[in-house]
Amino acid sequence: MPTETNALKTGAAAYKRRYKNISGYEMILYMTLPFLLVMCGAMPSAALFVLPAVLPMMYLLYRRFGPYMPSACICCYTSISLALNYDILTVIYAVALLSAFFGTVLSAQTSPYLAAAAVAVSFTVCGALAGVGIVRLAEGRPVESIVYGYIVEERDDPIIGYLSRKYYAEVKLPEHMEKLPQSDPGYGLAAAETFAKDTAEDSHYIWYECIHWGAVIAAVGFFAAVAVNRRTSDVNDSDGGADHSGKTRAKGGVSKPAISIADMRLPRSFLWCMALPATVAGMVLELVGGYPALSATFMHMFVTLPCAFACFTLFVFFASLFRGKARIAAYAVLTVIGIATAVFPFAVFVLSMIGVSDCMLNIRFWTKFIAED
């Protein structure tokens, strides 16, 4: 009996030496996830800004406990939300979140990193498009009619109401129409109808929006997965969990080595193989005329988004050059940039300009060259 007790103590001590303890901050994330899912179900208009935070938590659950727990969380969120508060946005978000989760998990099994990122983005975008298609078939109406009806019916929603009032205050109405004052009982309906009409007219950009938000959410999940994989280890990994030093225990395996985000960059061949053909196609569509949405989608999908990806990895590289407290500040600034990129589409365009420069000049190489001198 004493021999067995000593063996257990020896094994526990060896385990502690091999693995780090799970951080308390991670426990807080686990407690936060149900509240975020409840928020997504209760207020679908805000879910779009919550999903970039939910997806990394789902992948962390996968890495710690395997695929069953995060899959169950997504299924519970979908079923309960649709049963208690049916909303067409919930349908789209549920399908997109499920596809994004499995796409992120599959990207962790894919190598090299550009192919892994493409897998994550493709799954998420296809999920968002499939969600829109399901809503279109279920409603049996054109997308324009669905968008118009949804905004008018949900005009009491805080976010939709705010956007409607803001748009109504700034828009210039035709001469035969007069703006109602806020004190008028019909002000809310008039604002919602005006906002809904103009939004419905731009509904042919729905594919552009699905690609944009799908790619942004997928990028957040992909970067989070890379960071989690580099800090965890398990026997189900491709290396058999050989390196446990400074890492915590995981259960969901990955079949490719964890590469640092700072080392990810777009090769120069991207400019000739993808960016140039997409630019030429966009120019041709502009000259032909009548295809502004298709032209914008081409450029955004094949040029803007990949270059923004390259720029963010470049910023991670710069942040990794700092040491001590300066590194903490650098990563804090990087987090702010990432949040701004996820919230404001214009930030993606700004980052893409820098990403093109890095793709052409290889700024990482010249930075290291100057630092060594």
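Residues numbered from 1 in each chain as written. Predicted model: local features only at pLDDT ≥ 70, side-chain atom pairs only at ≥ 80, totals over all residues. Heavy atoms only, no water.

Asker: How should I be thinking about the overall build of the chain in this particular structure?
Answerer: Helix and strand counts for the chain stand at 15 helices and 2 strands. With the C-alpha coordinates of the chain rotated into their principal frame, the extents come out at 90 × 55 × 40 Å. Within the chain, buried positions represent 43% of all 373 residues. Here the analysis covers contacts within the chain between residues at least 6 apart in sequence; of these, 71% occur between residues at least 24 apart. When the accessible surface of the chain is split by element, carbon and sulfur atoms take 69% of a total near 20100 Å². One way to put it: in the chain the 28 positive side-chain charges average out to a point 16 Å from where the 27 negative ones average out. (Helix = DSSP H or I, 4+ residues; strand = E, 2+ residues; numbered from the N terminus. Buried < 20%, exposed > 50% of the residue type's maximum accessible area, 1.4 Å probe, protein only. Contact = heavy atoms within 4.5 Å. Areas by Shrake-Rupley, 256 points an atom, 1.4 Å probe, with all protein chains shown as cover. Lys, Arg positive; Asp, Glu negative; His and termini not counted. Charge placed at Lys NZ, Arg CZ, Asp CG, Glu CD.)

Asker: Quick question: what am I supposed to make of the confidence of the model for the chain here?
Answerer: Note: predicted coordinates in regions of low pLDDT should not be interpreted at a detailed level. Predicted confidence across the chain gives a mean pLDDT of 85, with 91% of residues reaching 70 or more. When the criterion is pLDDT under 50, residues 8-17 qualifies, and its contacts beyond four places in sequence or with other chains add up to 1 contact. (pLDDT = per-residue confidence, 0-100.)

Asker: I'm lost on a nonpolar patch on the surface in this one. Help?
Answerer: Judged by side-chain polarity, Trp272, Leu276, Val280, Val284, Val288, Tyr291 and Leu294 come together as a nonpolar surface patch covering roughly 690 Å² of accessible area. For the nonpolar patch, the leading source of residues is helix α11 (residues 269-288), giving 5 residues. (Patch = residues over 30% accessible without salt bridge, like charges linked within 9 Å, V, L, I, M, F, W, Y side chains within 5 Å. Salt bridge = Lys/Arg side-chain N within 4 Å of Asp/Glu carboxyl O.)

Asker: Please clarify how the packing of helix α3 (residues 44-65) against helix α4 (residues 68-84) should be interpreted in this entry.
Answerer: Helices that pack against each other are described as a pair by the angle of their axes relative to one another and the distance between those axes. Put simply, α3 and α4 touch, their axes get as near as 7 Å, and they point 145 degrees apart. Residues Met58, Leu61, Tyr62 and Phe65 of α3 lie in contact with α4, whose contacting residues are Met69, Pro70, Cys73 and Ile74. (Axes fitted to C-alpha atoms, helices over the stretch in contact; angles between N-to-C directions.)

Asker: I'm lost on the packing of helix α5 (residues 88-107) against helix α6 (residues 113-139) in this one. Help?
Answerer: Two numbers describe how α5 lies on α6: the axes approach to 7 Å, and their chain directions differ by 160 degrees. On the basis of their axis angle, the class for α5 and α6 is roughly antiparallel. Here α5 and α6 pass one another in a crossing that is right-handed. Of the residues belonging to the contact of α5 with α6, the class tally is 17 nonpolar, 6 polar and 1 charged. (Parallel < 35°, antiparallel > 145°, perpendicular 65-115°, else oblique. Left-handed = near helix turned anticlockwise from the far one by under 90°. Nonpolar A, V, L, I, M, F, W, Y, C, P; charged D, E, K, R; others polar.)

Asker: Could you clarify how one ought to interpret the nonpolar core in this entry?
Answerer: Formed by 47 residues in total, the largest nonpolar core has its most connected members in Val54, Tyr59 and Tyr93. Here this core gets 12 residues from one element, more than from any other, and that element is α3. For Tyr59, the contacting residues outside a window of four places in its chain are Phe101, Thr104, Val105, Ala108, Ala225, Val228, Asn229 and Val254. Grouped together as the second largest cluster of nonpolar side chains are 19 residues, Tyr113, Ala120, Ala262 and Phe309 included. (Core = buried A, V, L, I, M, F, W, Y, C linked by side-chain atoms within 4.5 Å.)

Asker: Which parts of the structure should I look at to understand the pattern of salt bridges?
Answerer: Two side chains carrying opposite charge are able to pair once their charged atoms lie near each other. Tallied over the full model, the rule gives 4 salt bridges. Between Arg64 and Glu26 there is a salt bridge, with the nearest N and O atoms lying 2.5 Å from each other. Of this pair, Arg64 sits in helix α3 while Glu26 sits in helix α2 (residues 24-42), and the two are 38 residues apart along the sequence. By relative accessible area, which is 9% here, Arg64 ends up buried. Residue classification places Glu26 among the buried positions, given a relative accessible area of 8%. Lys166 is the partner of Glu170 in a salt bridge, and the nearest nitrogen-oxygen pair spans 3.3 Å.

Asker: In this structure, what is going on with the environment of Met301? I would like to understand it.
Answerer: As for its position among the elements, Met301 is in helix α12 (residues 292-320). Distance from Met301 to Met43, taken between C-alpha atoms, is 29 Å for residues 258 residues apart in sequence.

Asker: Hey, could you run me through the packing of aromatic side chains in this one?
Answerer: The way to describe two aromatic rings as a pair is by their centre distance and the angle between their planes. Under the definition given, this model contains 18 aromatic pairs. Both rings, one in Phe223 and one in Phe309, keep their centres 5.4 Å apart while their planes meet at 10 degrees; by these two values the pair is stacked. With Phe223 in helix α10 (residues 206-230) and Phe309 in helix α12, this pair connects stretches of sequence that are 86 residues apart. Exposure remark for Phe223: the relative accessible area of 11% places this residue in the buried category. These aromatic residues form a ring-pair network of at least three members: Tyr59, Tyr62, Phe101 and Phe102. (Phe/Tyr/Trp six-rings, centres within 6.5 Å; stacked < 30°, edge-to-face > 60°.)

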